[in-house]
Amino acid sequence: MRFVIVAVLCLFAVVSCSRQNVESKEFVHDTVAVDVSTSITEDSVAVNETHGYNKAGYDTVIRRYDNEIVAYIKDTFLIKNGNNRVYNWKEIDEMARSLNDWNYSDNAVYITDGIEWEDDSGCDGDTMHISRNGIKIATFSNDRCGDMSSCMSEYYYYNGKVGYKRIVNEVFGGGCSHTYIEESKYSKDGESIYEYTCMESENPVNDSILVDGWIETTTVYESVLKMEGKTVEVRYSNDSDTLYYTFTGPDTETMSKTYTDNDDDDLPDMAGEALSHCRSVLKY
């Protein structure tokens, strides 16, 4: 299982490299510079809102590098005025507040710093850093290239440590597909609370193509949960009622068992939790 996950992640490392280079490189020259409106500070947003002025600052600068176009976008707004066409800002606010025990406020000031890029090969992506009242609360990123896509979201505690992280990688094509999802939550001191890994792999059966041109596939589901120093791995496929699970931990010997009953209530609690969580995110 580790080999399969590492292989999928290696594919996505190629995609993410382009975005990382954009964030660090020096630009060659400007092609377009657009100032949609004058940038405003958090203090001026609060003052303007007091006087009934709801407009926020929005700046875009577009630059061309050797083989790609990059847009740098900065936006400032109050949470109650957030544009929800792409992101549900109140859900984002709720997540940040739940980590940091903050209260909701209509006048919470949000500032987003984003980078959007597209290269000559047709690959594209974006990264956005988000702050709330001057404190960085989240980073979102997406990369797309051919049959591969990757997205990541991170939420932070007020001390800068990661509190929650979610990664989704997908690969399609060649008669198979892979979906890899990782979700982690950490305490304020950086200690792991739990880590889930969910993977769905659709592969050709015996690498054969049927007479009518269709490829016969089988889908394998893998769930991994790490919690309280223990790890459980669960694996099964759509063409079998057999489920395999393995427990490892610092105080116990590795235990592997085969499970053929359809009643999840008979599974050990930790194995059932790993299976249930991945069913909810992979929709199987």
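Structure: above.
Residues numbered from 1 in each chain as written. Predicted model: local features only at pLDDT ≥ 70, side-chain atom pairs only at ≥ 80, totals over all residues. Heavy atoms only, no water.

Under the criterion given, the structure shown has nine aromatic pairs. Both rings, one in Y87 and one in W89, keep their centres 5.7 Å apart while their planes meet at 55 degrees; by these two values the pair is tilted. Residue W89 is classed as buried on the basis of its relative accessible area, which comes to 5%. Clustering of aromatic rings is evident, with ring pairs tying together F77, Y87, W89, Y110, F140, Y155 and Y164. (Phe/Tyr/Trp six-rings, centres within 6.5 Å; stacked < 30°, edge-to-face > 60°. Buried < 20%, exposed > 50% of the residue type's maximum accessible area, 1.4 Å probe, protein only.)

So, on to the pairing of strand β9 (residues 176-186). Of all 11 residues in β9, eight are buried; the element is thus mostly enclosed. Judged from the 10 bridges that link them, strand β8 (residues 162-173) and β9 form a sheet pairing that is antiparallel. Across the sheet, residue E170 finds its bridge partner in β9, namely T179. (Helix = DSSP H or I, 4+ residues; strand = E, 2+ residues; numbered from the N terminus. Pairing = 2+ DSSP bridges.)

Across all of its chains, the model carries two disulfides by this definition. The partner cysteine of C123 in its disulfide is C145, sulfur to sulfur 1.8 Å. Of this pair, C123 sits in the loop between β4 (109-119) and β5 (124-132) while C145 sits in strand β6 (residues 135-145), and the two are 22 residues apart along the sequence. Looking at C123, the relative accessible area reads 8%, which means it is buried. You can call C145 partly exposed: its relative accessible area is 23%. Note that C198 is cross-linked by a disulfide to C278, the S-S spacing being 2.0 Å. Here the S-S torsion is close to -80 degrees, and the disulfide linking C198 with C278 is therefore left-handed. Separated by 80 residues along the polypeptide, C198 in strand β10 (residues 192-209) and C278 in helix α4 (residues 269-282) bring together distant segments of the chain. For the residue pair C198 and C278, the accessibility class agrees, reading buried in each case. (Disulfide = S-S within 2.5 Å.)

In this fold, E200 is placed in strand β10. Between the C-alpha atom of E200 and that of V220, which follows or precedes it by 20 residues, the distance is 5.8 Å.

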